[in-house]
Amino acid sequence: MVATYRANLGDAGTATLTLSGNLNDTKFTRLEVPAVLSAINVSLIDRARQGDFTKGTPRNKQIANLYWEPGALTFNLRATRYGEVTQVAAAKAADGIYHDDTVAPKVLFDTEIGFKLEPGIRLAVGANNLFNIYPTVLDKVNQGATGFSYYNPYSPYGISGGFYYGKINLTF
C-alpha cells in the first residue's frame, strides 16, 4: 500500500510525503516428494529451502519518505523499517540443534541534500543507511571455520553498513 501527499508551501517550495508498507505471509500447504526420492530420503525442498520462502524475507516492511524542494535546494529523508528475517538451518549441528539465525527488525535512515547549480546540473551528497546499522551477528556455529560469514547474509539491507556518496547529475 502506498499513500502520497504533495503540498505547495508557497515561498518555502514544495514537499512530498510518501508512506508505504507491505505485509506478506507465505506458507507451504503441502509438499509432494516423488516416491523415488522419498525412498532414498531425499527432498528437493528441504527445511532450509522452505525457510527461504516462509522466513527468508521480511514479513513486513514500512517506508516513510519526505522530499522537500525549497527552490534550488532539495532535501530527502527516508526511514525504512524491515521486519524479522530468519536463515533456517538445513540440518542439525553437532549439538543436535537447528541453529536458525534471525535478523531482528531494524529501522534504517537514508538522506540526500542536493543543489540545482544551473539548468541540467545538480550536485548532491547523501547517505544510505546513515547510522551505519548492521544485521544481527550469526551464531558461532553458522560462521564457518574461517569466521568469514560474520553477519547474516539474509539481511534485507545487506551486510556492508552505511554508504556515503557525492554525485553530479547532468541532464541534457
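Scroll up to find the structure this text is about.
Residues numbered from 1 in each chain as written. Predicted model: local features only at pLDDT ≥ 70, side-chain atom pairs only at ≥ 80, totals over all residues. Heavy atoms only, no water.

## Regarding unusual backbone geometry
Both trends apply: most residues other than glycine have a negative phi, and most peptide bonds are in trans.
1) Next: A positive phi is found at Asn41, a non-glycine position, where the angle reads about 65°.
2) Next: Tracing the sequence through the fold places Asn41 in the loop between helix H1 (35–39) and helix H2 (47–54).
3) Next: Its identity as a non-glycine residue notwithstanding, Asn132 has a phi of 60°, on the positive side.
4) Next: Inspection of the secondary structure assignment puts Asn132 in the loop between strand S8 (121–128) and strand S9 (163–170). (Helix = DSSP H or I, 4+ residues; strand = E, 2+ residues; numbered from the N terminus.)

## Focus: the pattern of salt bridges
1) Next: All told, the structure shown has nine salt bridges when counted by the stated rule.
2) Next: The salt bridge involving Asp25 is made with Lys27; its shortest N-O contact spans 3.7 Å.
3) Next: When its relative accessible area of 63% is taken as the criterion, Lys27 is described as exposed.
4) Next: Here Glu69 makes a salt bridge to Lys116, at a shortest N to O gap of 2.3 Å. (Salt bridge = Lys/Arg side-chain N within 4 Å of Asp/Glu carboxyl O. Buried < 20%, exposed > 50% of the residue type's maximum accessible area, 1.4 Å probe, protein only.)

## Quick notes on the packing of aromatic side chains
1) Next: Evaluation of the coordinates by the stated rule reveals seven aromatic pairs.
2) Next: Centroid distance Trp68 to Phe75: 5.3 Å. Interplanar angle 25°. Geometry classified as stacked.
3) Next: Using a relative accessible area of 26% as the deciding quantity, one classes Phe75 as partly exposed.
4) Next: Centroid distance Phe163 to Tyr165: 5.9 Å. Interplanar angle 25°. Geometry classified as stacked.
5) Next: Among the aromatic residues, those joined into a cluster by ring pairs are Tyr134, Tyr150 and Tyr151.
6) Next: Sitting over the ring of Tyr98, Arg47 keeps its end group 3.8 Å from the ring centre. (Phe/Tyr/Trp six-rings, centres within 6.5 Å; stacked < 30°, edge-to-face > 60°. Lys NZ or Arg CZ within 6 Å of the ring centre and 35° of its normal.)

## Quick look at a nonpolar patch on the surface
1) Next: A contiguous nonpolar surface patch, about 930 Å² in accessible area, is contributed by Leu73, Ile113, Phe115, Leu117, Leu123, Val125, Ile168, Leu170 and Phe172.
2) Next: The dominant element in the nonpolar patch, judged by the number of residues it contributes, is strand S7 (residues 106–118), at three residues.
3) Next: Residue position: Leu123 is located in strand S8.
4) Next: The class for Leu123 is partly exposed, based on a relative accessible area of 35%. (Patch = residues over 30% accessible without salt bridge, like charges linked within 9 Å, V, L, I, M, F, W, Y side chains within 5 Å. Areas by Shrake-Rupley, 256 points an atom, 1.4 Å probe, with all protein chains shown as cover.)

## Things to note about the nonpolar core
1) Next: Among the nonpolar cores identified, the biggest contains five residues, and these are Tyr82, Val85, Val103, Leu108 and Tyr157.
2) Next: In this structure Val85 touches Lys55, Gly56, Thr57, Pro58, Asp101, Thr102, Val103, Tyr154 and Pro156, once residues within four positions along its chain are discounted. (Core = buried A, V, L, I, M, F, W, Y, C linked by side-chain atoms within 4.5 Å. Contact = heavy atoms within 4.5 Å.)

## Considerations on the environment of Thr57
1) Next: Within the element layout of this structure, Thr57 appears in the loop between H2 and strand S3 (60–69).
2) Next: Separated by 92 residues in sequence, Thr57 and Ser149 have C-alpha atoms that sit 19 Å apart.
3) Next: Apart from the residues within four sequence positions on either side, Thr57 is in contact with Asp52, Glu84 and Val85.

## Observations regarding the side chain of Arg122
1) Next: Structurally, Arg122 is set in strand S8.
2) Next: By relative accessible area, which is 15% here, Arg122 ends up buried.
3) Next: A distance of 3.1 Å separates a polar atom in the side chain of Arg122 from a polar atom in the side chain of Glu112.
4) Next: For Arg122, the residues in contact, after removing those within four places along its chain, are Thr74, Glu112, Gly114, Phe115, Lys116, Leu117, Lys167, Ile168 and Asn169. (Polar contact = N/O pair within 3.5 Å; in protein donor to acceptor, adjacent residues only side chain to side chain.)

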